[in-house]
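# Analysis of the macromolecular model
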Amino acid sequence: MNKNTIRKLVSAGLLLILIVVFTVSSDYFLTPGNFMEILRDASVVGIIGVGVTMVILTAGIDLSTGSTMALVGMTMANIYRYTMLPIWSMVLAGILAGILAGIFNGFIVTKLSLPEFIATLSTMNIFRALTYIISIKQNGLITSQALKARSFVALGKSVGGIYYVILVFLLLAVIGQIVLKYTRYGTNLYAVGSNMKAAKLSGINTDRTRLLAYTITGGCAGVAAVFMTARLQSTTALLGSGMEFNVIAAVVVGGCSLAGGRGDIIGTLIGAVFMATLDNGIYKFQINTAYQLIIKGVIIICVVAFDSWYNNFMDEASRNKKRKGAGA
């Protein structure tokens, strides 16, 4: 097995350990209803994670996904409240807002040559501020907006006991994995993340590759916002707060290297289920919110530290193998 496969098996092992710990500790954890809730929550994170995986493969980062969700939700809320447009056009407009946010991120990263961290940290605040500006207000105060249209609320429901968001996530995960492994664009993503200069010299349009990755991420955030608001049947200016942490954590836990060039959607799927399981288990224990954040932060530090050690270990093992081969 190559080191990427081993890394995913490690992630799957961590997930299994987490499930066993929570199952032993709570009689209410491993039930069909709770299992579907975990998958539902993992799917929202995972949908965004499909796009963020592509960004991180290029050695980039996107900190604005939570704010993009809020902007998408409030865009739909304004259309719902002030226009007579059909629900499907409201949904498309919301997803388009997410795509435009992604294009903006990609533009300032590639054309203005801003570092990805600074660029998306800035847009995280810009998109959240725009959400506040267009928020629904009553007597000057920002309020939540109910989205009660039956055809829209149905998106947050299930069919045959399986939530629609789970089905959409699985579909996007399959498409994303095929793109990464079997298309020229996927090859370009890995090449850009592994060595930007070499990718340019080989004729790859690195700016276009990265711009499209951010655009896809914005669209994925838009899709995730649609399903989240449909389940909540409302939206607020705080929608998606902290979501960027869960998404990036899921991608990293799944084995995607922050240095770029390594990872895939299967790993992100495992990571998304891991983060949803962790959140669900912590909630079952009714742990104080502050301690929840500490626990999640410590786990991510440990995973990233392990990832760094694992990469160094495998690289050293590979070098030793080559030396022995040369000596023979």
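Everything below is about the structure printed above this text.
Predicted, not measured: the structure shown is a model, and the values here were computed from it.

How each quantity is defined
- Residues numbered from 1 in each chain as written.
- Predicted model: local features only at pLDDT ≥ 70, side-chain atom pairs only at ≥ 80, totals over all residues.
- Heavy atoms only, no water.
- Core = buried A, V, L, I, M, F, W, Y, C linked by side-chain atoms within 4.5 Å.
- Buried < 20%, exposed > 50% of the residue type's maximum accessible area, 1.4 Å probe, protein only.
- Helix = DSSP H or I, 4+ residues; strand = E, 2+ residues; numbered from the N terminus.
- Contact = heavy atoms within 4.5 Å.
- Axes fitted to C-alpha atoms, helices over the stretch in contact; angles between N-to-C directions.
- Parallel < 35°, antiparallel > 145°, perpendicular 65-115°, else oblique.
- Left-handed = near helix turned anticlockwise from the far one by under 90°.
- Nonpolar A, V, L, I, M, F, W, Y, C, P; charged D, E, K, R; others polar.
- Phe/Tyr/Trp six-rings, centres within 6.5 Å; stacked < 30°, edge-to-face > 60°.
- Lys NZ or Arg CZ within 6 Å of the ring centre and 35° of its normal.
- Salt bridge = Lys/Arg side-chain N within 4 Å of Asp/Glu carboxyl O.

Another aspect to go through is the nonpolar core. One finds Met69, Phe152 and Met243 to be the most contacted residues of the largest nonpolar core, which totals 75 residues. If one sorts the elements of this core by residue count, helix α2 (residues 32-57) sits on top with 13 residues. Contacts of Met69, omitting those with residues within four sequence positions, involve Val44, Ile48, Ala221, Ala224, Ala225, Met228, Leu239, Gly240 and Met243.

This part covers the packing of helix α4 (residues 87-110) against helix α10 (residues 206-232). It is at 7 Å that the axes of α4 and α10 come closest, and there the two elements cross at 150 degrees. Classified by the angle between their axes, α4 and α10 sit roughly antiparallel to one another. Considering how the two elements wind past one another, α4 and α10 form a crossing that is right-handed. Here Val91, Ile95, Gly98, Ile99, Gly102, Ile103, Asn105, Gly106, Phe107, Val109 and Thr110 of α4 lie close against α10, whose contacting residues are Asp207, Arg210, Leu211, Tyr214, Thr215, Gly218, Gly219, Gly222, Val223 and Val226. Classifying every residue of the contact of α4 with α10 gives ten nonpolar, nine polar and two charged.

Here the focus is the packing of aromatic side chains. For any pair of aromatic rings, the description rests on two quantities: the centre-to-centre distance and the angle between the ring planes. Taken as a whole and judged by the stated rule, the model has four aromatic pairs. Seen in terms of ring centroids, Phe306 and Trp309 are 5.8 Å apart; in terms of plane orientation they differ by 35 degrees. Their pairing is tilted. Here Phe306 and its partner Trp309 are both found in helix α13 (residues 289-327), three residues apart, which amounts to about one turn of the helix. Members of the aromatic cluster, joined through ring pairs, are Phe306, Trp309 and Phe313. A cation over a ring is seen here: Arg40 above Tyr163, with NZ or CZ 5.3 Å from the ring centre.

Attention now goes to the pattern of salt bridges. What the rule picks out here adds up to six salt bridges. Salt-bridge contacts for Lys296 lead to Asp279; the nearest nitrogen and oxygen are separated by 3.1 Å. With Lys296 in helix α13 and Asp279 in helix α12 (residues 265-284), the pair connects residues that are 17 residues apart, well separated along the chain. A relative accessible area of 10% places Lys296 in the buried class. Taken together, the shared-partner salt bridges in this structure form one network comprising Glu116, Asp207 and Arg210.

Spatial relationships are all this shows, so hold off on functional conclusions.
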